[in-house]
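The lines below spell out each chain.
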Amino acid sequence: MPLIAHAAMPKSEILLAKTNTEYGLQVSRITEGNSYNNQPLLTDNGIYFTQEVNELGQSQTDLAFYSFDEQQTYNLTNSPVSEYSATLKPAGDALSAIVVEADGKQKLWQYPLNAELSPSRIFEWIEPVGYHAWGRDNDLVMFILGEPHTLQYTTVVAAKGQVVAKHIGRTLTFNPTLAAFTFTYTKNEQNWLASFAPNSQMVTDLFRLPDTVQDYAFKNDNTVIYALDNRIYQRSLSEPQRVSQWLDLTPYCSTAITRLSYNNEQLAFVCRK
């Protein structure tokens with residue numbers, strides 16, 4: 001959770017599962033499990049993630065990148081404040097992330113991948129932001145902390161959040177086939193995966209999820225994956241009543257799996273320590 005930056009951070013590690021090698025499933029450890037490592041974003045070149053750093057006895061988080069080519073982790077921000085929840089902007093030229101600014105406010109910033117360009121705040125007034133996902137038209141949804149937490153939609157030009165749903169979970173995605181954002185939320189004490197289509201302004205319930213599931217990912221635009229304990233299950237949007245176990249990761253995570261990020265037959269996942 002975002003406010004974790006100033007609290008005791010739970011220990012977690014990030015692992016990478018290659019699901020279709022000539023030797024079958026192969027799993028490797030990307031980080032150690034003796035600190036907070038979370039929120040992986042899997043790309044073709046490596047994994048962006050949130051990493052705990054300790055300075056003068058104080059814990060905070062920086063954005064990090066694990067390079068597949070170099071098999072090495074780099075601290076991307078190395079700043080006196082906390083950053084987390086890295087997301088690639090649609091143009092692919094910058095990361096966007098939540099920054100816990102010096103006054104404690106949580107706002108959305110962008111970090112150009114060109115190191116010669118400086119980071120900048122995207123929205124001056126929208127806060128406190130927890131998580132976000134970009135659409136295709138310079139638009140996005142954001143998890144806005146509150147009582148209750150809300151899903152808010154805006155464009156960069158408008159810069160004013162529109163409440164779309166309440167009691168939402170922390171995973172937000174954009175599904176190109178649906179031309180809609182997806183999220184989880186609680187309705188009538190049930191946990192649902194739902195979509196929000198900006199063009200129609202419609203929220204559509206897709207299917208019920210197990211009550212404990214907040215984190216999910218898409219293998220493709222029709223297939224959703226999520227973890228129960230240390231097993232990964234999959235189901236399709238077209239046939240949501242059919243649920244199957246995809247991966248049993250018990251040998252690699254004896255506790256519980258939380259965050260997931262999938263790309264090109266690889267799965268980055270977080271194991272809670």
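A quick note: this is a predicted structure, and the numbers were derived from the prediction, not measured.

A. Representation of the sheet that holds strand S24 (residues 266-272) in the model. Taken together, 4 strands build an open sheet; the order of strands is S2-S1-S24-S23 and the sheet is antiparallel. Whereas interior strands pair on both sides, the edge strands pair on one side only; in this sheet they are strand S2 (24-29) and strand S23 (256-263). Direction aside, the axes of adjacent strands within the sheet are offset by 25 degrees on average. Where strand S1 (residues 12-21) lies against S2, 5 bridges are found, and the strand directions are antiparallel. Residue pairing in the sheet places threonine 21 in a bridge with glycine 24 of S2.

B. Focus on the environment of leucine 25. In this fold, leucine 25 is placed in strand S2. In this structure leucine 25 comes out as partly exposed when scored by relative accessible area, which is 30%. Sequence-wise, leucine 25 and leucine 247 are 222 residues apart; in three dimensions their C-alpha atoms are separated by 9.0 Å. Not counting residues up to four positions away in its chain, the partners in contact with leucine 25 are Ala17, Lys18, Thr19, Leu247, Leu249 and Tyr252.

C. Spotlight on the side chain of threonine 43. The residue threonine 43 is located in the loop between strand S3 (37-42) and strand S4 (46-55) in this model. For threonine 43, a relative accessible area of 12% translates into the label buried. The residues touching threonine 43, leaving out its near neighbours within four places in the chain, are Tyr48, Phe65, Phe68, Leu88 and Asn263.

D. Spatial organisation of the nonpolar core. By size, the foremost hydrophobic cluster in this structure holds 17 residues, and its most contacted members are Val141, Leu151, Ile168, Leu172 and Phe183. Listing elements by their share of this core, those giving two or more residues are strand S11 (129-134), strand S12 (139-144), strand S13 (150-155), strand S14 (162-166), strand S15 (168-175), strand S16 (180-187) and strand S17 (190-197). Setting aside residues no more than four positions away along its own chain, isoleucine 168 makes contact with Phe143, His149, Thr150, Leu151, Phe183, Thr184 and Tyr185. Ranked by size, the runner-up nonpolar core spans 16 residues in total, among them Ile225, Leu249, Leu260 and Leu267.

E. Looking closely at the pairing of S1. The pairing of S1 with S24 spans 7 bridges and is classified as antiparallel. Bridge pairing in S24 places leucine 16 opposite alanine 268. Linking two consecutive strands that pair antiparallel, namely S1 and S2, is a turn of 2 residues.

F. Here's a closer look at the sheet that holds S12. Strand order in the open sheet formed by 4 strands is S11-S12-S13-S14, and the pairing between neighbours is antiparallel. Across the chains shown, the open sheet's two edge strands, defined by having one partner strand only, are S11 and S14. Shown here is a sheet whose adjacent strand axes are inclined to one another by a mean of 25 degrees, direction ignored. Bridge analysis of S11 against S12 gives 5 bridges, and the strand direction is antiparallel. Bridge assignment links alanine 133 to a residue of S12, and that residue is valine 141.

G. Seen up close, the environment of alanine 217. By the element assignment, alanine 217 lies in strand S19 (residues 217-220). Residue alanine 217 is classed as buried on the basis of its relative accessible area, which comes to 7%. Apart from the residues lying within four places of it in its own chain, the contact partners of alanine 217 are Thr223, Val224, Ile225 and Leu260.

H. Geometry of the state of the cysteines. Following the criterion strictly, the structure yields 1 disulfide and no others. The disulfide that involves cysteine 253 links it to cysteine 271, with 2.2 Å between the sulfurs. Between cysteine 253 and cysteine 271, the disulfide has an S-S torsion of 85 degrees and is therefore right-handed. Residue cysteine 253 is located in the loop between strand S22 (243-248) and S23, and its partner cysteine 271 is located in strand S24; the two are separated by 18 residues in the primary sequence. Using a relative accessible area of 1% as the deciding quantity, one classes cysteine 271 as buried.

I. Expanded view of the pairing of strand S9 (residues 106-112). The element S9 is largely enclosed, with a buried count of 5 among its 7 residues. Inspection of the sheet shows strand S8 (residues 94-100) paired to S9 by 7 bridges, in the antiparallel sense. Across the sheet, valine 100 pairs through a bridge with glutamine 106, a residue of S9. Counting the residues in the hairpin turn of S8 and S9 gives 5 residues, including glycine 104, whose phi is positive at 90 degrees. Sheet topology places S9 next to strand S10 (residues 120-121); 2 bridges connect them, and they run antiparallel. Its bridge partner lying in S10, tryptophan 109 is registered against arginine 121.

The rules behind the values
- In every chain, residue numbers begin from 1 and rise along the written sequence.
- Reporting of local features is limited, given that this is a predicted model, to residues whose pLDDT is at least 70; pairs of side-chain atoms are given and counted only at 80 or more, and all residues count toward the totals for whole chains, interfaces and linings.
- Side-chain figures throughout are based on the complete set of non-hydrogen atoms in the structure, without hydrogens or water.
- The rule for pairing is simple: two strands pair if DSSP sees at least two bridges between them.
- A run of DSSP states H or I qualifies as a helix once it reaches four residues; a run of E qualifies as a strand once it reaches two. Both are numbered from the N-terminal end.
- Helix axes use the C-alpha atoms of the stretch in contact, all axes being lines fitted to C-alpha atoms, and the angles between their N-to-C directions lie in the range 0 to 180 degrees.
- To sort residues, take the accessible area from a 1.4 Å probe on protein chains only and compare it with the maximum for the residue type: under 20% means buried, over 50% means exposed, and anything in between is partly exposed.
- Whether two residues are in contact is decided by their heavy atoms: any pair within 4.5 Å suffices.
- Buried Ala, Val, Leu, Ile, Met, Phe, Trp, Tyr and Cys residues that are joined via side-chain atoms within 4.5 Å together make up what is termed a nonpolar core.
- Defined by distance alone, a disulfide is two cysteine sulfur atoms within 2.5 Å.

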